[in-house]
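Chain residues, written in single-letter form:
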Amino acid sequence: MLNSSRTTTTSSPPVRCAGSTNRRVPVAVSAADPISFEGAVGQLRRRPEVELREESGPGTVALLVEDALDEAALTRLRRIVRGEGARVVLVVGAMRENELLEVVECGVGAIVWRHEATAERLAQAVLAAHRGDGDLPADLLGRLIHQVGTLHRGAAGAPGAPFLGLTSREVDVLRLVSEGFDTGEIAGKLSYSERTVKNVVHGLTTRLHLRNRAHAVAFALREGYI
């Protein structure tokens, strides 16, 4: 397969992204075929908050376009997340049940269905990934909750299982994250500052070695907290 990451530029002026400075978000596109690559680049080039880059790396959002998650696609995904240190937006045509949790636990916090991949939808996912937020389609979030709940019920009472506790504050925050609220909305509902919400999420993901908000929600669901 052809990995179509290549140099791309845009002359759009910097704009103010939510919760950040005037800097645009650096995005590197990778796709299994040139048509998918050019389509994604064409959509993102229309968005002034995005700066297209040749390669992904720390501080960059990697947008990976796949038809389906075969072993080759999963290998590319793991390389981007674990080897290059980028945050990932996965644009995918289809995903099997057994792949969803693996993708989330790999570190992917933003997923977009290919048939919904408009310029606006891609930019929304890119900004969410850049902030470290989760952005899953509603149907995928429901499937994730069901799948993790099944795993939790199957593991309930298993001998020797480690206990990794969450505080009531962490549970409150994660419950609202799982319902799709962003940092500002969570802060308003819990009467916290946005900094407090970010600190809560950062503290639990660091303590429990979780990759992002989606992974934290998956953990909380698996352990029966939400």
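What counts and how
- Along each chain, numbering runs from 1 in the same order as the chain's sequence is written.
- At least 70 in pLDDT is required for a residue's local features to be given in this predicted model, at least 80 for side-chain atom pairs to be given and counted, and no such filter applies to totals for whole chains, interfaces and linings, which use all residues.
- In computing side-chain properties, one takes all heavy atoms of the structure into account and sets aside hydrogens as well as water.
- Buried and open spaces are told apart on a 1 Å grid over the protein atoms alone, a cavity being a set of points where a 1.4 Å probe fits but cannot get out and a pocket being an open set with protein on both sides within 12 Å along at least five of seven lines. Residues with an atom within 4 Å of a point are the lining residues.
- Grid points are joined across faces, edges and corners, and a volume is the space filled by probe spheres set on the points.
- Helix and strand labels come from DSSP, where a helix needs a run of H or I of at least four residues and a strand needs a run of E of at least two; each type is numbered from the N terminus.
- We call Asp, Glu, Lys and Arg charged. Ala, Val, Leu, Ile, Met, Phe, Trp, Tyr, Cys and Pro are nonpolar, and the rest, Gly among them, are polar.
- We call two strands paired when DSSP finds no fewer than two bridges between them.
- For helices, the fitted line uses only the C-alpha atoms of the stretch in contact; every axis is such a line through C-alpha atoms, and the angle between N-to-C directions lies from 0 to 180 degrees.
- Any pair of residues with heavy atoms lying within 4.5 Å of one another is described as a contacting pair.
- Salt bridges, as used here, are contacts in which a Lys or Arg side-chain nitrogen is within 4 Å of a carboxyl oxygen on Asp or Glu.
- Remark: exposure states derive from per-residue accessible area (1.4 Å probe, protein chains only) relative to the maximum for the residue type, with buried under 20%, exposed over 50%, and partly exposed in between.
- Only Phe, Tyr and Trp rings are paired, with Trp represented by its six-membered ring, and only when their centres lie within 6.5 Å; those with planes under 30 degrees apart are stacked, over 60 edge-to-face, the remainder tilted.
- Geometrically, a lysine NZ or arginine CZ counts as sitting over a ring once it is within 6 Å of the ring centre and also within 35 degrees of the ring normal.
- Orientation is classified from the angle alone, with under 35 degrees giving roughly parallel, over 145 giving roughly antiparallel, 65 to 115 giving roughly perpendicular, and any other angle giving oblique.
- When the near helix sits turned anticlockwise from the far one by under a right angle, the crossing is termed left-handed; a clockwise turn instead gives a right-handed crossing.
- Assignment of crossover handedness uses the view with strands pointing away from the viewer, where a clockwise path from the first strand over the helix to the second indicates a right-handed crossover.

Visitor: How should I be thinking about the layout of surface pockets in this particular structure?
Guide: Over the atoms rolls a probe the size of a water molecule, and its path tells where empty space is left. The computed volume of the second largest pocket comes to approximately 360 Å³. Within the residue set of the lining of the second largest pocket, elements represented by two or more residues are α4 (119-131), α5 (138-155), α6 (168-178) and α9 (213-222). Its residues placed into classes, the lining of the second largest pocket shows 10 nonpolar, 4 polar and 6 charged.

Visitor: Before we go on, may I ask you to explain the sheet that holds strand β4 (residues 87-92) in this structure?
Guide: In sheet architecture, strand pairing relies on hydrogen bonds along the backbone and comes in two forms, parallel and antiparallel. The 5 strands lie next to each other as β2-β1-β3-β4-β5, forming an open sheet whose pairing is parallel. Both edges of this open sheet fall to β2 (50-53) and β5 (110-113), since each of them pairs with a single strand only. Put simply, the sheet's adjacent strands are angled 30° from each other on average, direction ignored. In this structure, β4 lies alongside β5, joined through 4 bridges in parallel fashion. Paired with leucine 90 across the two strands is isoleucine 111, which belongs to β5. Strands in contact with helix α1 (residues 34-45) are β1 (25-31), β2 and β3 (61-66); relative to β1, the strand with the most contacts, it is inclined by about 160°. Here α4 sits on the sheet in contact with β1, β2, β3, β4 and β5, set at roughly 150° to β4.

Visitor: Please explain the pattern of salt bridges as it appears in this structure.
Guide: Where charged atoms from two side chains of opposite charge come close, those side chains can pair. Going through the model one piece at a time under the given rule, you end up with 8 salt bridges. We note a salt bridge from arginine 114 to aspartate 67, for which the minimum N-O separation is 2.8 Å. You can see arginine 114 sitting in the loop between β5 and α4 and its partner aspartate 67 sitting in the loop between β3 and α2 (71-83), a full 47 residues away along the chain. For arginine 114, a relative accessible area of 30% corresponds to the partly exposed category. Taking the shortest distance from any N to any O, the salt bridge between arginine 121 and aspartate 135 comes out at 3.0 Å.

Visitor: Please explain the packing of aromatic side chains as it appears in this structure.
Guide: Any aromatic ring pair is given by two values, namely how distant the centres are and how the planes are angled relative to each other. In the structure shown here, the tally under the stated rule is 0 aromatic pairs. Cation over ring: arginine 169 sits above tyrosine 192, and NZ or CZ is 4.8 Å from the ring centre.

Visitor: Would you mind showing me how to read the packing of α6 against α9 here?
Guide: Each pair of packed helices can be described by the angle between their axes along with the distance between the axes. Two numbers describe how α6 lies on α9: the axes approach to 10 Å, and their chain directions differ by 110°. Classified by the interaxial angle, the pair formed by α6 and α9 is roughly perpendicular. Here α6 runs over α9; the crossing is left-handed. Contact residues: Leu174, Val177 and Ser178 in α6; Arg213, Ala216, Val217 and Ala220 in α9. Its residues assigned to classes, the contact of α6 with α9 comprises 5 nonpolar, 1 polar and 1 charged.

Visitor: Got a minute to help me understand the pairing of β2 in this structure?
Guide: Each regular strand shows side chains that alternate between the opposite faces of the sheet. The two faces of β2 differ: Val50 and Leu52 on one face are buried, but Glu51 and Arg53 on the other face are not. Looking at chain direction, β1 and β2 are connected through 4 bridges and run parallel. Across the sheet, alanine 28 pairs through a bridge with arginine 53, a residue of β2. Each parallel crossover has a hand, and the one from β1 via α1 to β2 is right-handed.

Treat this as a map of the structure, not an account of what it does.
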